[in-house]
Every structure is written in structure tokens, then in C-alpha cells.
Amino acid sequence: MRILVCGGAGYIGSHTCLSLAERGHQVVVADSGVNSSARVVPRLRRLAGMPVPVHRVDLRDRGALSVLFATYRFDAVLHFAALKAVGDSCRRPLEYFDNNISGTIVLLQTMQAAGVRRLVFSSSATVYGEPAQVPVREDAALSVMNPYGRTKLVAEQLIGDLCTADTGFRAANLRYFNPVGAHASGLIGEDPCGEPTNLMPYICQVAVGVREKLRVFGGDYPTVDGTGVRDYIHVVDLARAHVDALEYMVREDRSVTVNLGTGRGVSVLELVHAFERASGRRIPYEIVDRRPGDAASVFADPSLAQELLGWRAEFDVDAMCRDAWRWQAMNPEGYRTSVRRTPVMRVRRPKIVAARVADAY
Ligand code: NAD
Ligand code: UDP
């Protein structure tokens, strides 16, 4: 199939482009560049081993998006394109509504006009708010904790309404838990702008010496060691789930909503210690007050994804830490620095294949 990957230059999208390529699909990327570096593009092409056209397009630009759909005949769309920082969304809600919700509406309209009727949507465990029970199943109550979460819930609802109105439209809503880690090559990974708000990139920056110490938000939760528990999932496992969901939609001709997590809760301190083992570095930390709005423990029941898609997470926390560290050590300043060799990065170099596509990126 030929797949349009919206937001494909970002963290999860770039890894998913590689999973698509591995399974023999052709990939075209549309990305506005609002949270991605142009430096990911040559690396992506090199790892994919095939031409990957990357177009700088904002989903809200109806004209540019229509040209893209007129240029290529897409079999399906994977939609990662969104702003994703919870705190930022509280300060700039209208920008989040416009980017994430208006962008989704223009994309759906353009798909409909072009007769493209398969969509995989990046949703989030945030749609469960503070879950009443763990592990969280897909039929748990949905709620909104912040403007970012609202954009995810509204987008799921818009897509659901479209599936009802257009009985031939198929969608997969994938509710991610906590994506971490990086591609085994160390060439692509998560590159947050400024001070990270998520735990794993913060730990990585402490390990590499960019930050002095980790602040652990809360040591008095009713959890195994008093720190918050989450369901961390390796980005490569997550990427593979998108291809499984796409192929499920085609094979079964059905829509689907599933959780993507490992089903295993890991505390902040457990992750810190796993990272110390993987990196050989000490992670200094101090326990500070709880972060407002944080739940004590959130982890998935991922059994529906296994039952329907035949997917389950394969990488454990040690592998997540190992790969996150390799990426960070090779790219101490993310895509802003060129790849450096360090003692931790003994990995096979991928075969280098020249990019043959002229495109707009
Ligand atoms: P990311 O910021 O790395 O990737 C998103 C990409 O979309 C970026 O490259 C950005 O430039 C692009 N983009 C944003 N708005 C756009 C627009 N209007 N038009 C075109 N391109 C646009 O984020 P990520 O971590 O890869 O997340 C991908 C998706 O998964 C997002 O929708 C996010 O909300 C969702 N998600 C992420 C997490 C997480 O922890 N990373 C968890 C749950 C859900
Ligand atoms: N966390 C922390 N210090 C940080 C960032 C996060 O202690 O600098 C904790 C946070 O309180 C939560 C867990 O790490 O218990 C995961 O937080 P993250 O923001 O990565 O994911 P989310 O809370 O959105 O699931």
C-alpha cells in the first residue's frame, strides 16, 4: 500500500515510517516542521532503504493537502500530526484546538474528497483522564484533564461520527500509554524542545550531563515505592502496532479502538534504576512535591490489541532504557548535533542507500 504519514518526521511517526517500509509499504510524509527537524529526513531514508518523499505541509493548509492527494494515490493515512505538550496546551488552548482539531477536520475532508477511507489515528491514554481502575480497558469511562486531552477525545469522536455517516470509512484509534526508547541504530529518537516534561527524556538528559538532577514528582503515592506508576512502551513496538492496525482494517474491513501498552506498571524509581543499569551512569534525583493533575498509577490492559491485531509488546524496560540511552549518547543535543561515537554505541551501522526522491522538504 502507499501510505500518507502525517507528522511522519516526528518521534513516533518516523519510527512508524520504518515499520511500514520493513513490511513493504510505500511511505509519503507530510509534516509542518512545527516539532521536527529536517535532519531526521536523510536518516529516515537511509534506514528505510527506499525513497521516502517528505513534504512540508501543514494539515490546516487545505490547498497544499489537496495537491498532495492529487499527486499520489493513497491507500490509507496515518495521522500523528499534533501538538502534544500538556502544560503548553493549558497556556495556549486555542492553538491546540486549531492545530489538532482543525488539522484533523481538514485532513478528513480532504480524504473524503479524494476517496481515501482508511485512517490510523494517534490517540492517547489521556482520554481516560484519571482512571478509576487499573489496568485500564478500552471500555473505561472517558474524560478530559486538559486542553491537549480534549483534542484527542474530540478527534476520536469526530472520526467516530464520520465512520457512522460514511459506512465505508474505517478508522483505528490507537491509545498509546507512555512511548519511550529509540530505534536500535541510534539514528532516530525523541528530541524534545527545551526542558523535557516527560520522564524518560529528562532521565536521558541527566545521564548525558545536560541536566543536573531529576526531580521525582511525589514519593507518597500508594504504589510499590511511593512514586508514580506508568506503562512505558518501546517506540519500536508501538510503531509495529500501526502496521498491524492498518493491515487489520484492510483484512477484516472493520474499525477498531485499542490500548497500546505493555500491561506492566513501572514506578519512577524503577525506571531510574533500570536506566542506571543500562547506561552505567548514576542518575541523581530528589523527591519533590507531586505534580498537579498526576494520577498515582496508570497502566493498560492491552489484551484487546493482542486479540484483534495479534500485537503485543516485545521489548522490556531494560531494552527501552538501553535504546533511549544509545540515542541520547550518540546525539547529546538531539538532531542539533551530528552523530557521535561513544563507548555505549556498539551497534551495527545500517546499510546506506542514497535517497532518490526530489521533494519539498
Ligand atoms: P512529535 O511532536 O514528535 O510528532 C508530531 C509531528 O507532527 C511533528 O513532526 C510535527 O512537526 C508534526 N505536526 C504537528 N502539527 C502538524 C500539522 N498541523 N500539520 C503537519 N504536521 C504537524 O510527537 P510524537 O511523540 O511523535 O507524537 C505523535 C502523535 O502521538 C501525536 O498526535 C501525539 O499527540 C500522540 N501521542 C504521543 C504520546 C507521547 O508521549 N509521545 C503519547 C500519546 C499520544
Ligand atoms: N515524572 C517525574 N519527574 C519528571 C517527569 C515525570 O517524576 O521530571 C513522573 C510523573 O510524575 C509520572 C511519571 O514520571 O509519575 C511519568 O510522567 P510523564 O510526564 O513522562 O508521563 P505522564 O504522566 O503524562 O503519563
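To be clear, the structure that these remarks concern was listed above.
Residues numbered from 1 in each chain as written. Chains lettered and ligands numbered in written order. Predicted model: local features only at pLDDT ≥ 70, side-chain atom pairs only at ≥ 80, totals over all residues. Heavy atoms only, no water.

(A) View of the packing of aromatic side chains. A complete count under the given rule lists five aromatic pairs for this structure. Taken together, the ring pairs connect F69, Y72 and F74 into an aromatic cluster. (Phe/Tyr/Trp six-rings, centres within 6.5 Å; stacked < 30°, edge-to-face > 60°.)

(B) Up close: the sheet that holds strand β3 (residues 54–56). Pairing within the open sheet is parallel, and its seven strands lie in the order β3-β2-β1-β4-β5-β6-β11. The strands lining the two open edges of the sheet, one partner per strand, are β3 and β11 (256–260). Sheet twist, expressed as the mean angle between neighbouring strand axes with direction ignored, is 20 degrees. (Pairing = 2+ DSSP bridges. Helix = DSSP H or I, 4+ residues; strand = E, 2+ residues; numbered from the N terminus. Axes fitted to C-alpha atoms, helices over the stretch in contact; angles between N-to-C directions.)

(C) Up close: the side chain of T126. Within the secondary structure, T126 is located in the loop between β5 (118–124) and α6 (147–165). Since its relative accessible area comes to 16%, T126 is described here as buried. Residues contacting T126, with those up to four places away along its chain left out, are S143, Y148, G149 and K152. (Buried < 20%, exposed > 50% of the residue type's maximum accessible area, 1.4 Å probe, protein only. Contact = heavy atoms within 4.5 Å.)

(D) Layout of the nonpolar core. With 46 residues, the main nonpolar core has V5, L20, L78, L174, L246 and L260 as its most contacted residues. By residue number, the principal contributor to this core is helix α8 (residues 235–252), which donates eight residues. If we ignore the near neighbours within four places in the chain, the residues touching L246 are M1, I3, L20, A76, L78 and V120. By size, the runner-up hydrophobic cluster in this structure holds 26 residues, among which are L4, V28, A30 and F74. (Core = buried A, V, L, I, M, F, W, Y, C linked by side-chain atoms within 4.5 Å.)

(E) Focus on the environment of P302. Tracing the backbone through its elements, the reader meets P302 in the loop between β13 (285–288) and α10 (303–309). Along the primary structure P302 and N198 are separated by 104 residues, whereas in three dimensions their C-alpha atoms are 22 Å apart. Beyond its immediate sequence surroundings of up to four residues, P302 is in contact with N259, G261, T262 and G263.

(F) Looking closely at the packing of helix α9 (residues 268–279) against helix α11 (residues 317–330). It is at 8 Å that the axes of α9 and α11 come closest, and there the two elements cross at 60 degrees. Classified by the interaxial angle, the pair formed by α9 and α11 is oblique. In this structure, the crossing between α9 and α11 has a hand that is right-handed. Across the interface between the two elements, L271, A274, F275, R277, A278 and S279 from α9 touch V317, D318, C321, R322, A324 and W325 from α11. Split by residue class, the contact of α9 with α11 holds eight nonpolar, one polar and three charged. (Parallel < 35°, antiparallel > 145°, perpendicular 65-115°, else oblique. Left-handed = near helix turned anticlockwise from the far one by under 90°. Nonpolar A, V, L, I, M, F, W, Y, C, P; charged D, E, K, R; others polar.)

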